[in-house]
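# Architecture at a glance
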Amino acid sequence: MIVFFFLMIALVVVVAAVTLAVIGGGSEAVLPEAEPDRVADALPETRAVVRADIDALRLPVAPRGYRMAEVDDVLDRLAAELAERDARIAQLTAQVAAEPQDAVPAGQVDLTKHGER
């Protein structure tokens, strides 16, 4: 019975100590203010985002934060779409560069071919 009372008193002392530590003593803050999480490698603002930027992007993790697998899937999809877009732009740029300079823009009719002036 003495052991039971000793354990109860020890439990009360431990709970009181933890409570005081968490709440703090008076006007002084026990724990400093936490800095908000920021993305370590933010996406570039001065140029277009490329696949390497998305591959290098790492979002901060919090105890009750996002599900990493789901966010990684979204980022993989975004990276693939950006790579596809960049490939298509490169293809179209190469086509434009390969066309003769005197070509008529799309939507306009070259009347000299039809014998009219």
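Residues numbered from 1 in each chain as written. Predicted model: local features only at pLDDT ≥ 70, side-chain atom pairs only at ≥ 80, totals over all residues. Heavy atoms only, no water.

## A short note on the overall build of the chain
Put simply, the rule reads: Here a helix means four or more residues in a row that DSSP labels H or I, a strand means two or more in a row labelled E, and each is numbered from the N terminus. Whether a residue is buried, partly exposed or exposed follows from its accessible area with a 1.4 Å probe, protein chains only, as a fraction of its type maximum: under 20%, in between, or over 50%, in that order. Contacts are assigned to residue pairs with any non-hydrogen atoms lying within 4.5 Å of each other. Exposure was quantified through the Shrake-Rupley algorithm and a 1.4 Å probe, taking into account, for residues, occlusion by the shown protein chains and nothing else.
For the chain, the count of helices and strands is three helices and zero strands. Ordered by position from N to C terminus, the α and β elements of the chain give α-α-α. Going through the 117 residues of the chain one by one, you find that 7% of them count as buried. Long-range pairs, those at least 24 residues apart, make up 31% of the contacts in the chain with a sequence separation of at least 6. As displayed, the chain offers around 10700 Å² of accessible surface, 62% of which is attributable to carbon and sulfur atoms.

## Points about the environment of Arg85
How we decide: Nitrogen and oxygen atoms within 3.5 Å of one another constitute a polar contact, given that in protein one can donate a hydrogen and the other can accept it, and given that sequence-neighbouring residues count only through two side-chain atoms.
Mapped onto the secondary structure, Arg85 falls in helix 3 (residues 68-98). Of the residues examined, Arg85 reaches a relative accessible area of 37% and is grouped as partly exposed. Put simply, Arg85 and Val50 are 35 residues apart on the chain and 9.9 Å apart in space, counted from C-alpha to C-alpha. A distance of 2.7 Å separates a polar atom in the side chain of Arg85 from a polar atom in the side chain of Asp86.

## Remarks on the nonpolar core
For clarity, the threshold we go by: For our purposes a nonpolar core is just a set of buried Ala, Val, Leu, Ile, Met, Phe, Trp, Tyr and Cys residues, chained together by side-chain atoms within 4.5 Å.
By size, the foremost hydrophobic cluster in this structure holds six residues: Ile54, Leu57, Val71, Leu75, Ala79 and Leu82. Among the elements that line this core, the one with the most residues is helix 3, at four residues. Aside from chain neighbours lying at most four places away, what touches Val71 is Leu59 and Tyr66.

## A look at the pattern of salt bridges
Applicable threshold: Whenever Lys or Arg places a side-chain nitrogen within 4 Å of a carboxyl oxygen from Asp or Glu, that contact is recorded as a salt bridge.
If you walk through the whole model with that rule in mind, you get two salt bridges. With a closest N to O distance of 3.6 Å, Asp55 and Arg51 form a salt bridge. Taken as a pair, Asp55 and Arg51 lie in helix 2 (residues 51-56) at a separation of four residues, close to a single helical turn. The partly exposed category is assigned to Asp55, whose relative accessible area is 38%. Put simply, Arg85 and Asp86 hold a salt bridge, and the shortest N to O gap is 2.7 Å. A relative accessible area of 28% means that Asp86 is categorised as partly exposed.

In short, geometric facts, not functional conclusions.
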